Structures are given as structure tokens and as C-alpha cells.
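Commentary on secondary and tertiary structure
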Amino acid sequence: MSIRTYHRTATVNGRKIFYREAGDPAAPTILLLHGLPTSSQMFRDLMPALADRFHLVAPDYVGFGHSDAPSNKEFDYTFDNLAAHVSGLVDILGLKSYILYMQDYGGPVGFRLFTQRPERVKGFIIQNTNAYMEGVGDAPKGVLLPLWEKRTPETEKPAREFVGLEGTKFHWLVGAKDPEAISPDNWVLDQALLDRPGVQDYQVDLLENYKTNIALYPEWQPAFRAHKPKTLIVWGKNDPFFIPPGARAYLNDLPDAKLVWLDAGHFVLDENAPQVAAEIKATFGV
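Here is a short report on the structure shown in this document.

1. Some points on the overall build of the protein chain
Helix and strand content of the protein chain: 11 helices and 8 strands. In terms of C-alpha radius of gyration, the protein chain reaches 17 Å, essentially the compact-globule figure of 19 Å for 286 residues. Across its three principal directions, the C-alpha atoms of the protein chain cover 50 × 40 × 40 Å. Taken over 286 residues, the protein chain has a buried fraction of 57%. Residue pairs in contact within the protein chain that sit at least 24 positions apart in sequence constitute 75% of those at least 6 positions apart. For the protein chain, the accessible surface area stands at approximately 11500 Å², while carbon and sulfur atoms represent 52% of it. Between the centroid of the 29 positive side chains of the protein chain and the centroid of its 35 negative side chains there is a distance of 5 Å.

2. Some thoughts on the side chain of His171
For His171, the location among the structural elements is in helix 6 (residues 165-173). Judged by its relative accessible area of 2%, His171 is buried.

3. What to know about helix 9 (residues 211-227)
Compared with an ideal rise of 1.5 Å per residue, which puts 17 residues at 24 Å, helix 9 spans 25 Å between its outermost C-alpha atoms and is within 8% of the ideal. Remark: the principal bend of helix 9, roughly 45°, maps to Tyr217, with a proline, Pro218, within the next four residues. Turning to helix 9, its buried residues are Asn213, Ile214, Leu216, Tyr217, Trp220, Gln221, Ala223 and Phe224. Residues of helix 9 that are buried sit in contact with helix 2 (79-93), helix 3 (106-116), strand 6 (121-127), helix 4 (138-149), helix 8 (199-209) and helix 10 (244-253).

4. Observations regarding the sheet that holds strand 4 (residues 55-59)
Overall, mixed pairing links the 8 strands, which are arranged 1-2-4-3-5-6-7-8 in an open sheet. The sheet is open, and its two edges are formed by strand 1 (6-12) and strand 8 (258-262), each paired on a single side. Adjacent strand axes in the sheet meet at a mean angle of 20°, parallel and antiparallel pairs treated alike. Pairing between strand 3 (residues 29-33) and strand 4: 3 bridges, direction parallel. Looking across to strand 4, one finds that Ile30 is bridged to Leu56. Its contacts with the sheet put helix 3 on strand 3, strand 5 (98-103) and strand 6, and the angle it makes with strand 5 is roughly 150°.

5. So, unusual backbone geometry
Excluding glycine, residues mostly have negative phi values, and the peptide bonds linking residues are mostly trans. Put simply, Leu36 and Pro37 share a cis peptide bond, and its omega is 10°. Relative to the helices and strands, Pro37 is located in the loop between strand 3 and helix 1 (46-50). For Asp104, which is not a glycine, the phi torsion comes out positive at approximately 55°. Considering the arrangement of structural elements, one finds Asp104 in the loop between strand 5 and helix 3. Accessibility expressed as a relative area gives 6% for Asp104, which makes it buried.

6. Details of the packing of helix 4 against helix 8
Helices that pack against each other are described as a pair by the angle of their axes relative to one another and the distance between those axes. Packing of helix 4 against helix 8 brings their axes to within 9 Å, and their N-to-C directions diverge by 85°. Our classification of the angle between helix 4 and helix 8 gives roughly perpendicular. Of the residues in helix 8, those in contact with Leu144, Leu147 and Trp148 of helix 4 are Val204, Leu207 and Glu208.

Rules used throughout
Residues numbered from 1 in each chain as written. Predicted model: local features only at pLDDT ≥ 70, side-chain atom pairs only at ≥ 80, totals over all residues. Heavy atoms only, no water. Helix = DSSP H or I, 4+ residues; strand = E, 2+ residues; numbered from the N terminus. Rg over C-alpha atoms; globule rule 2.2 N^0.38 Å. Buried < 20%, exposed > 50% of the residue type's maximum accessible area, 1.4 Å probe, protein only. Contact = heavy atoms within 4.5 Å. Areas by Shrake-Rupley, 256 points an atom, 1.4 Å probe, with all protein chains shown as cover. Lys, Arg positive; Asp, Glu negative; His and termini not counted. Charge placed at Lys NZ, Arg CZ, Asp CG, Glu CD. Expected span 1.5 Å × (residues − 1). Bend = angle between axes of the 7 residues up to and from the residue. Pairing = 2+ DSSP bridges. Axes fitted to C-alpha atoms, helices over the stretch in contact; angles between N-to-C directions. Parallel < 35°, antiparallel > 145°, perpendicular 65-115°, else oblique.

And the structure:
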């Protein structure tokens, strides 16, 4: 069977949504949900490693990667809207059940899908994404809390730096076991998209809107307990953004989850894709 990855688009609510797809559609589906400051390209090495056993779908959110990127005057950049477009793609592709792989922004998107249609979600793969306040490190608090309290040009400045070149490069390199193993294509390509006119404006909108995710934690946690999805947690233990207590907190609500610590930071797949693929196959393989 071919392990080729295909690069496709679909129109969801009038917007072009780009997605990568690999594997046999008859196999169990993993919906791979990316984080900031990147896109589905973060899964480029993982997808071929899983395509012999799973059907993989990795979308770019509106405003990210190769999907449409309207200005914030044409589109309301909220996590509710990002999730609505992923949910719309799920419906267009006819995905009746799936495992959610969630990193960073992928958690708020995926957990919205889960609480809306829990019966479709056959499992979680959680990689450095939060559903607990104890998982939020000092680094994002320093950027986000002033922005949430009052949005001004002054409080926007750290948020804009967060999605500037040095911030993007730091996201990719921080905590890496061997920085020379991390491809500079990651931050160069991500930044080329972030530097398009108007993109930084709506990225700040999303950073401000992140507070809506915190507000949903008390809704998500009981849903974890009620539905008990099979869960694998693969966590870069050197991440200053989403820190190890956030990984351990899931075990309070999902005590049967398997927690695997990786010698990595916010991103883990450049150095650890073979191990992550092996853990996914061991947990969810058929």
C-alpha cells in the first residue's frame, strides 16, 4: 500500500481549507491538529510513518498554512470559528469516527470537536496542549495576561513579538535535545506566512481569544471523565510554554492514559517521530 501523502483542498463555509491526507480511508482515522506558529507541515514526517495502519487527515486552519487567510475584517478569528471549519471539513470528508492528535492550538480546536460530538472521538493523542491551568507556563502568561486584561498597542507588542521571527524560531528550538536536528525550514517557512500583510493582526486576535479556551476547561474536564477516551500523552518535558504539570493533570480525569515523556520542547516530531509513531501504533493499532 502506498504511503504517499496527498495535498488537497476543500471548500468549507466558503473558505478554501487545505489538508494533507495519507493511508487507506477504510483504516481508523487520525485527525491531526497543529499548533502555533505552524501548520499541518509539522506532521510531514509522522504521516508516512503511520500510513500503513491508519488514515491520516491533517488540515490547516483558516489563516494558517495553505488555507485561505482572509483579513480580520473579513473573518472573525476565534477558536470557535477555527473549530467550526475543521468540523465542516470532517463532515465534507465523511469522517464518522476519528482519533484526535492535538498539539498547542490543536487542543482547543479538538476539545471543541470532542465536546460537540463525543461519540465520534475514539481516542486522544495529546502532545503539549493544555486543558488545565497548571500546565500554562510563565512564558505565555507574560504575553497573554496583560493582553487579556486590556488590549492596547503596548500589550499587543509582546504578542506580536511572539509571532515574529525570533519568537517563531524559539518555539521550534526551545528544549530540543539537539538543535542541529531541527530543520530551519520550520521557522523560515512558518515566518514567511506569518509575515504576509494582516496576518500578525489576526494572530494577535487569536492570542487574545485564547482566554475563551481557559474558560472552557471546566467544561472539558468533566467530559473527559464522562466519556473516558483512550488516551496517549506524548509530552516534550522541556517545553516552557506548556509545562509538565499540564501533562500530569490529564491523569486526574483520564487515569488510564499512558504518559510518555520526551526529551524535547514545545515541538517533538523533528527528533522523535519514530518513537511517537511506535507509541501510537502500540496504543491504537489494529
